[in-house]
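The residues making up each chain are set out below.
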Amino acid sequence: MSYYKIQNFEQYFKHYNKSVREPRKFWGKIAEENFTWYQQWDKVVEFDMAEAEIKWFTEAKVNIAKNCIDRHLNKRGDKTAIIFEPNEPSEEALHISYNELHQRVCKMANVLREKGITKGDRVCIYLPMIPELAVSILACARIGAIHSVVFAGFSASAVATRILDSECKMVITSDGGYRGNKTIELKEIIDEALEKCPSVEKVLVVKRTSTPVIMKEGRDIWLQPLLDEASDNSVAEIMDSEDPLFILYTSGSTGKPKGMVHTTAGYMVYTAYTFKNVFNYEENDIFWCTADIGWITGHSYSLYGPLLNGATTVIFEGVPSYPDFSRFWEIIEKHKITQFYTAPTAIRALAKENVDYVQKHHLNTLKVIGSVGEPINEEAWHWYNDHVGQKKCPVVDTWWQTETGGIMIAPIAFVTPTKPTYATLPLPGVQAVLMDDTGNEIEGNQVVGNLCIKFPWPGIARTIWGNHQRYKDTYFSAFPGTYFTGDGALRDEVGYYRITGRVDDIVIVSGHNLGTAPIEDAINEHPAVAESAIVGFPHDIKGNALYGYVILKETGEIRNKENLFKEINQSISDHVGPIAKLDKIQFVSGLPKTRSGKIMRRILRKIAEGDFSNFGDTSTLLNPEIVDEIKDNKL
Ligand code: 6R9
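Predicted model only: the values in this text are computed from it and were never measured. (Residues numbered from 1 in each chain as written. Predicted model: local features only at pLDDT ≥ 70, side-chain atom pairs only at ≥ 80, totals over all residues. Heavy atoms only, no water.)

**A few points about the overall build of the chain**
The secondary structure content of the chain amounts to 20 helices and 30 strands. Over its C-alpha atoms the chain spans a radius of gyration of 24 Å, differing by no more than 12% from the 26 Å that the globule rule assigns to 635 residues. With the C-alpha coordinates aligned to their principal axes, the bounding extent of the chain is approximately 75 × 60 × 55 Å. Expressed as a percentage of its 635 residues, the buried residues of the chain come to 62%. Put simply, of all contacts in the chain between residues at least 6 apart along the chain, 71% involve residues at least 24 apart. Taken as a whole, the chain presents about 24300 Å² of accessible surface, with 48% of it coming from carbon and sulfur. Here the chain contributes 69 positively and 82 negatively charged side chains, and the mean placements of these two sets differ by 3 Å. (Helix = DSSP H or I, 4+ residues; strand = E, 2+ residues; numbered from the N terminus. Rg over C-alpha atoms; globule rule 2.2 N^0.38 Å. Buried < 20%, exposed > 50% of the residue type's maximum accessible area, 1.4 Å probe, protein only. Contact = heavy atoms within 4.5 Å. Areas by Shrake-Rupley, 256 points an atom, 1.4 Å probe, with all protein chains shown as cover. Lys, Arg positive; Asp, Glu negative; His and termini not counted. Charge placed at Lys NZ, Arg CZ, Asp CG, Glu CD.)

**Looking at the site of the ligand**
As a structural note, the neighbourhood of the ligand is formed by 17 residues, with Asp397, Thr398, Thr402, Asp487 and Arg502 the closest of them. One of the backbone nitrogen or oxygen atoms of threonine 398 is found 2.8 Å away from a nitrogen atom of the ligand. The protein chains hide 97% of the 530 Å² of surface that the ligand would expose on its own. Elements with a minimum of two residues in the shell around the ligand: helix H11 (296–308), strand S20 (395–398) and strand S25 (497–502). Of the residues belonging to the shell around the ligand, the class tally is seven nonpolar, six polar and four charged. (Near = heavy atom within 4 Å. Polar contact = N/O pair within 3.5 Å; in protein donor to acceptor, adjacent residues only side chain to side chain. Nonpolar A, V, L, I, M, F, W, Y, C, P; charged D, E, K, R; others polar.)

**Looking at the UniProt feature "domain: Acetyl-coenzyme A synthetase N-terminal" (unreviewed entry) in the chain**
Mapped onto the present numbering, the UniProt feature "domain: Acetyl-coenzyme A synthetase N-terminal" (unreviewed entry) falls at residues 12–68. Overall, residues 12–68 shows 47% helix and 18% strand. The separation of its end C-alpha atoms is 26 Å. (UniProt positions renumbered as here; feature names shortened; annotations may be inferred.)

**Some details on the environment of alanine 145**
Tracing the backbone through its elements, the reader meets alanine 145 in the loop between helix H6 (131–143) and strand S7 (146–149). Sequence separation of alanine 145 and valine 105 is 40 residues, and the distance between their C-alpha atoms is 13 Å. Each residue touching alanine 145, except ones within four places of it in the same chain, is listed here: Ile117, Thr118, Lys119, Gly120, Asp121, Val123, Cys140 and Leu245.

**Here we look at the nonpolar core**
If you look at the biggest cluster of nonpolar residues, it comprises 125 residues, and the most contacted ones within it are Trp37 and Phe57. The contact partners of tryptophan 37, leaving out residues within four places of it in the chain, are Ala31, Glu32, Phe57, Ala60, Lys61, Val62, Ser241, Ala265, Met268 and Val269. Counting residues in hydrophobic clusters, the runner-up holds 26 residues, among them Ile286, Val314, Phe328 and Ile331. (Core = buried A, V, L, I, M, F, W, Y, C linked by side-chain atoms within 4.5 Å.)

**Examining the pattern of salt bridges**
One pass over the structure, following the stated rule, counts 37 salt bridges. Here arginine 208 ties to glutamate 91 by a salt bridge, and the two come within 3.1 Å at their closest N and O atoms. Taken together, the positions of arginine 208 in the loop between strand S11 (202–206) and strand S12 (220–222) and glutamate 91 in the loop between strand S4 (80–85) and strand S5 (94–97) put the pair 117 residues apart, joining distant regions of the chain. According to the relative accessible area criterion, arginine 208 is buried, its value standing at 19%. Residue classification places glutamate 91 among the partly exposed residues on the basis of a relative accessible area of 31%. Between glutamate 520 and arginine 601 there is a salt bridge, and its shortest N-O distance comes to 2.8 Å. (Salt bridge = Lys/Arg side-chain N within 4 Å of Asp/Glu carboxyl O.)

**What to know about the side chain of asparagine 385**
Within the secondary structure, asparagine 385 is located in helix H15 (residues 378–388). With near-sequence residues (within four places) excluded, asparagine 385 lies in contact with Ile369, Gln390, Lys391, Cys393 and Val395.

**What about the sheet that holds strand S30 (residues 584–588)?**
One open sheet accounts for three strands, arranged S28-S29-S30; its pairing is mixed. The open sheet has two free edges, formed respectively by strand S28 (529–539) and S30, since each of these has just one partner strand. Here the strands of the sheet are splayed against their neighbours by 25 degrees on average, with no regard to which way each runs. Strand contacts of helix H18 (residues 561–575): S28, strand S29 (543–552) and S30, with the helix running at about 115 degrees to S30, the strand carrying the most contacts. (Pairing = 2+ DSSP bridges. Axes fitted to C-alpha atoms, helices over the stretch in contact; angles between N-to-C directions.)

**Considering a negative patch on the surface**
Together, Glu185, Glu188, Glu192, Glu195 and Asp574 line one region of the surface with negative charge. Note that glutamate 185 resides in the loop between strand S10 (182–184) and helix H8 (186–194). Taking relative accessible area as the criterion, glutamate 185 reaches 34% and is therefore assigned partly exposed. (Patch = residues over 30% accessible without salt bridge, like charges linked within 9 Å, V, L, I, M, F, W, Y side chains within 5 Å.)

**Quick word on the packing of aromatic side chains**
Tallying each qualifying case throughout the model produces 48 aromatic pairs. Both rings, one in phenylalanine 9 and one in tyrosine 12, keep their centres 6.1 Å apart while their planes meet at 15 degrees; by these two values the pair is stacked. Taken together, the positions of phenylalanine 9 and tyrosine 12, both in helix H1 (residues 9–21) and three residues apart, correspond to about one turn of that helix. Of the residues examined, phenylalanine 9 reaches a relative accessible area of 28% and is grouped as partly exposed. You can call tyrosine 12 buried: its relative accessible area is 3%. Taken together, the ring pairs in this structure connect Tyr3, Tyr4, Phe26, Trp27, Trp37, Trp41, Trp56, Phe57, Tyr270 and Tyr273 into an aromatic cluster. Positioned over the ring face of phenylalanine 154 is arginine 162, at 4.3 Å from the centre of the ring. Lying over the aromatic face of tryptophan 222, lysine 207 brings its terminal NZ or CZ to 4.8 Å of the ring centre. (Phe/Tyr/Trp six-rings, centres within 6.5 Å; stacked < 30°, edge-to-face > 60°. Lys NZ or Arg CZ within 6 Å of the ring centre and 35° of its normal.)

Here's what the structure looks like:
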């Protein structure tokens with residue numbers, strides 16, 4: 001019996017139980033039957049949760065890029081691997097076959113090697129959603145370089161922090177990028193970032209917008225001429241299962257972003273398996289995940305998961321609102337998409353527009369529609385189900401994280417009955433548990449708690465780049481013996497999970513994880529600001545928006561609040577990126593603090609939400625009187 005594809009609900013339970021009772025047999029069989037290995041493993045898994053040491057498929061040798069491409073060439077050489085849909089609908093879409101992708105990746109691999117990149121080197125990729133982004137990632141994987149993709153919406157200082165942290169030797173960027181009716185000057189942002197990054201020796205520049213750029217002598221090189229010269233024959237590096245594949249930064253609740261490290265074999269097995277099952281992938285399906293490849297969703301389900309299964313995946317350069325709000329639906333019709341995977345924030349934004357935009361398009365090719373990134377509210381779920389899925393497509397609400405590598409809790413299309421706003425059941429291999437605040441597991445159903453996972457799964461991140469202690473502290477200390485997700489969840493009467501949101505200081509705005517600390521740091525950079533605290537509050541489209549409480553250095557009458565607000569937002573834009581701008585700002589004379597000096601965000605959150613009913617225990621507050629002042633002046 002193969003465990004790779006779950007056929008029905010009864011089989012789901014069988015596979016799930018097998019994965020718990022005999023995880024080694026379960027994952028061993030999947031790994032053996034569906035991938036090409038240079039050498040088999042010693043042990044399927046070895047771990048020590050207390051030390052946060054986890055290894056999958058120990059001592060095995062493999063190359064993930066070869067599994068994504070070369071493995072399919074015999075059978076699927078002419079099949080389209082990637083459909084590139086450009087920002088402008090008038091620009092022709094590209095269909096890149098597996099053969100062509102192979103050729104492009106080999107050439108890129110040779111360019112990287114020629115420019116001094118070898119196994120283990122870090123390469124920062126700061127590119128728009130164009131084919132070169134996929135090609136660069138796969139070329140890194142082919143030669144064993146560790147890719148660190150930075151979302152092309154991040155500011156120069158945010159990119160610099162990431163490049164510095166992982167000491168990247170090279171940056172791959174483009175002159176610019178198109179997003180709707182805007183052009184973003186990526187090279188200029190990189191130039192500014194690199195003023196602070198001595199480790200970077202070479203910058204490869206893709207030409208996309210033909211925006212004039214400054215090319216620094218000896219450092220910056222146009223990519224295309226190098227590719228034209230390069231051979232399309234390249235030997236893949238033989239990688240160990242646990243060699244790092246990539247670093248991807250995610251916000252921490254304190255301090256600098258965390259460079260989550262994913263390794264090769266476990267990530268490969270897990271993304272391929274979850275892609276196949278959750279989306280009910282079948283040969284000839286056309287899969288479209290709208291996430292930018294700069295986020296984990298794009299890594300795992302625009303690229304690795306689909307290609308590992310020999311699928312056709314769509315890369316879309318633009319935005320859902322350009323040239324108008326029918327763009328997504330137009331693309332689904334044009335490319336005959338069978339699986340569509342997007343975020344609640346996009347669904348809510350599109351649901352606000354005239355439903356004609358959707359209805360005038362043929363979406364009949366769709367068979368599964370997915371959601372990811374934040375809890376999907378009931379209204380959005382129904383709109384998505386009714387108008388996009390036309391009540392025929394299972395809505396797969398997939399809960400997972402940058403740290404988990406792949407989907408963890410989700411319906412399996414055509415297998416698990418769905419329920420609005422519920423991510424439903426854990427996938428095989430995922431031993432989800434709810435823990436109470438004192439660290440005990442909460443048994444039974446109809447309960448609420450902190451969502452933890454008590455056994456490793458192949459896709460789990462192995463460490464935080466350069467800081468294993470922080471990895472251990474963040475994920476393995478709060479509830480010893482388990483991985484703590486940072487999310488709260490409830491389990492209903494049949495055991496279905498509903499994710500209720502973060503229980504820490506991370507706010508999810510339009511599906512982007514934002515740590516409060518770096519935004520507060522950016523606000524505090526403003527010369528007039530003494531201290532600040534930000535929290536999320538519910539927003540119709542973004543899910544959450546940011547509410548800032550700011551203490552100014554000079555007390556007394558604030559003369560130009562408007563300007564101050566603008567300047568503070570500019571500072572956030574410069575330091576973090578425009579996605580982190582505040583929607584509201586309230587100037588306050590103090591912040592509620594505990595005796596240990598920690599801001600009691602729970603209270604600030606309630607005030608921002610307009611809920612003054614129950615602030616909970618405020619006995620540890622040093623300055624309880626401030627709560628009334630803040631409440632009375634709420635915006
Ligand atoms: C894949 C991704 C992770 C956080 C996660 C949770 C929230 C993601 C969700 C969801 C409810 C879902 N989240 N999917 N909450 N339902 N289906 O988004 O990774 O950017 O690291 O965010 O997003 O709070 O902890 P990442």
